[in-house]
Amino acid sequence: MARTDHRSMRRVLRREIAGTIGLLTDEHDFRAMRRYRSFTFDDHLTYLRQIEALLRSRAAEGTHTTLALFDPEEYAEFCTATGLDPDDPASRTRFTAQLAATGPTVPYDGRPLTDLVPALVDEAVRQATWEYASTLLARLGPCPTCGEDVGRAAFTRASHLLTRILDTAPAGNRHLVCSVSGPPETLVTVLHADRNSDGTTHLDEAEALEFTSVLALGLATNSPGGLVVRTSAAGAPDRVYGWRLRGNDLAPLTAGEVFDAYCTDVESGDLISPESDVDYCAPPDLGDQERPAGHHH
């Protein structure tokens, strides 16, 4: 009887343990792991089916599971740095535990892997973009004229502008896109900000941090770029408007410039038919009376 009680308690405790699965999302990464004899899968599709079956089984038991992006190159570097045998399943477990603490993850919520994998990849891209933009901002150092930290001042300015953009946008669903061009690549960041009729705005903190960092980088480096907002509300046409990055500020685009940007193919330059029920318009006035003090030259 006591033994049965102990087993029952262990089953209850097992449901309290959260787990993380390091997922090989594409065929290339899967093939890279097959060089290890302890990795026994030989078909990526079968591997994904087994992962999905395991996720469903854990969910049925009431166990919470998150998915992390398993990168074979990062895993090999981790094993080299820690002196672990990469052909040991315990090493993969330790690497996955580190991913759970520091890397991008998404919770398993019952959706199929075909939906979760793109979400996981997007999360990884968002984290990488934020880390890259933050590193570049930190490297800018102090202003040679006034001595103020250029990156920190630009981040403060970008935060102020984002707040003004959200405050002046109409209620509804808001989709913001900011792109900054520069060597070695163009950075693109997206922010979803839904505003209720009572004025409250719902933001994903990670999205907002990445968005602000990329905008700050564009402001601090005077890089070509732009910011576009699309608002959607029931019973009304979508509204699209935006700004171009100019120095330490945003310069409003005219309705015609917004129309041209949305209705021109980027690669070919050919015209694209405008969407129905969409108004291409000038942005609201952000004002500058509340502009914070700091680095402006």
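Preceding this section is the structure that the text describes.
(A) Summary view of the pattern of salt bridges. By the definition in use, this model includes 7 salt bridges. Of the charged contacts, one joins aspartate 249 and arginine 157 as a salt bridge, the two residues approaching to 3.0 Å between their closest N and O atoms. With aspartate 249 in strand β9 (residues 249–252) and arginine 157 in helix α7 (residues 150–168), the pair connects residues that are 92 residues apart, well separated along the chain. Here arginine 157 falls in the buried class, since its relative accessible area comes to 2%. Its salt-bridge partner being arginine 230, residue aspartate 238 comes within 3.1 Å of it at the nearest N-O pair.

(B) Main features of the nonpolar core. Grouped together as the largest cluster of nonpolar side chains are 30 residues, with contacts concentrated most on Ile165, Leu176, Leu215, Leu227, Trp243 and Leu250. Contributions of two or more residues to this core are made by α6 (113–139), α7, β4 (172–180), β5 (187–195), α8 (205–221), β7 (225–232) and β8 (238–246). It is α8 that provides the largest number of residues to this core, a total of 7 residues. Leucine 176 has contacts with Leu162, Ile165, Leu166, Thr189, Val190, Leu191, Phe211, Val228 and Val229, leaving out every residue within four places of it along the chain. If you look at the next biggest cluster of nonpolar residues, it comprises 25 residues, including Leu23, Leu55, Cys79 and Tyr108.

(C) Spotlight on the packing of α7 against α8. At a closest axis distance of 8 Å, the pairing of α7 and α8 adopts a crossing angle of 120°. With respect to α8, the axis of α7 lies oblique. Along this stretch, α7 crosses α8, giving a crossing that reads as right-handed. Residues Val150, Ala154, Phe155, Arg157, Ala158, Ser159, Leu161 and Leu162 of α7 lie in contact with α8, whose contacting residues are Leu209, Phe211, Thr212, Ser213, Leu215, Ala216, Leu219 and Ala220. Within the contact of α7 with α8, the residues separate by chemical class into 12 nonpolar, 3 polar and 1 charged.

(D) Fine view of α6. Here α6 spans 39 Å end to end across 27 residues, near enough to the 39 Å set by a 1.5 Å rise per residue. Count one or two residues on from α6 and you reach glycine 141, which has phi positive near 70°.

(E) Local environment of the sheet that holds strand β3 (residues 105–107). Pairing within the open sheet is mixed, and its 3 strands lie in the order β1-β2-β3. Two strands lie at the open edges of the sheet, namely β1 (19–23) and β3, each paired on one side alone. Taking each pair of neighbouring strands and ignoring which way they run, the sheet shows an average axis angle of 30°. One ladder, built from 3 bridges, connects strand β2 (residues 65–69) with β3; its direction is antiparallel. Bridge pairing in β3 links threonine 66 to proline 107. Sheet strands in contact with helix α3 (residues 44–60) are β1 and β2, and its direction is about 170° off that of β1. Across the sheet, helix α5 (residues 89–102) touches β1, β2 and β3, and the angle it forms with β1 is around 105°.

(F) View of the pairing of β1. Counting buried positions over the 5 residues of β1 gives 4, a clear majority of the element. Both β1 and β2 contribute to a ladder of 5 bridges, which runs parallel. For leucine 23, the partnering residue across the bridge sits in β2 and is leucine 69.

(G) Quick look at the environment of glutamine 127. Counting through the fold element by element, glutamine 127 comes out in helix α6. Through-space distance from the C-alpha of glutamine 127 to that of leucine 209 is 9.7 Å; in sequence the pair is 82 residues apart. For glutamine 127, the contacting residues outside a window of four places in its chain are Thr102, Gly103 and Pro104.

(H) Up close: a negative patch on the surface. A grouping of Asp26, Glu27, Asp42 and Asp43 is seen on the molecular surface, where their side chains present a negatively charged patch. Mapped onto the fold, aspartate 43 is located in the loop between α2 (27–33) and α3. Overall, aspartate 43 belongs to the partly exposed group, its relative accessible area being 34%.

Thresholds, definitions, all that
- Residues numbered from 1 in each chain as written.
- Predicted model: local features only at pLDDT ≥ 70, side-chain atom pairs only at ≥ 80, totals over all residues.
- Heavy atoms only, no water.
- Salt bridge = Lys/Arg side-chain N within 4 Å of Asp/Glu carboxyl O.
- Helix = DSSP H or I, 4+ residues; strand = E, 2+ residues; numbered from the N terminus.
- Buried < 20%, exposed > 50% of the residue type's maximum accessible area, 1.4 Å probe, protein only.
- Core = buried A, V, L, I, M, F, W, Y, C linked by side-chain atoms within 4.5 Å.
- Contact = heavy atoms within 4.5 Å.
- Axes fitted to C-alpha atoms, helices over the stretch in contact; angles between N-to-C directions.
- Parallel < 35°, antiparallel > 145°, perpendicular 65-115°, else oblique.
- Left-handed = near helix turned anticlockwise from the far one by under 90°.
- Nonpolar A, V, L, I, M, F, W, Y, C, P; charged D, E, K, R; others polar.
- Expected span 1.5 Å × (residues − 1).
- Pairing = 2+ DSSP bridges.
- Patch = residues over 30% accessible without salt bridge, like charges linked within 9 Å, V, L, I, M, F, W, Y side chains within 5 Å.
- Areas by Shrake-Rupley, 256 points an atom, 1.4 Å probe, with all protein chains shown as cover.
- Lys, Arg positive; Asp, Glu negative; His and termini not counted.
- Charge placed at Lys NZ, Arg CZ, Asp CG, Glu CD.

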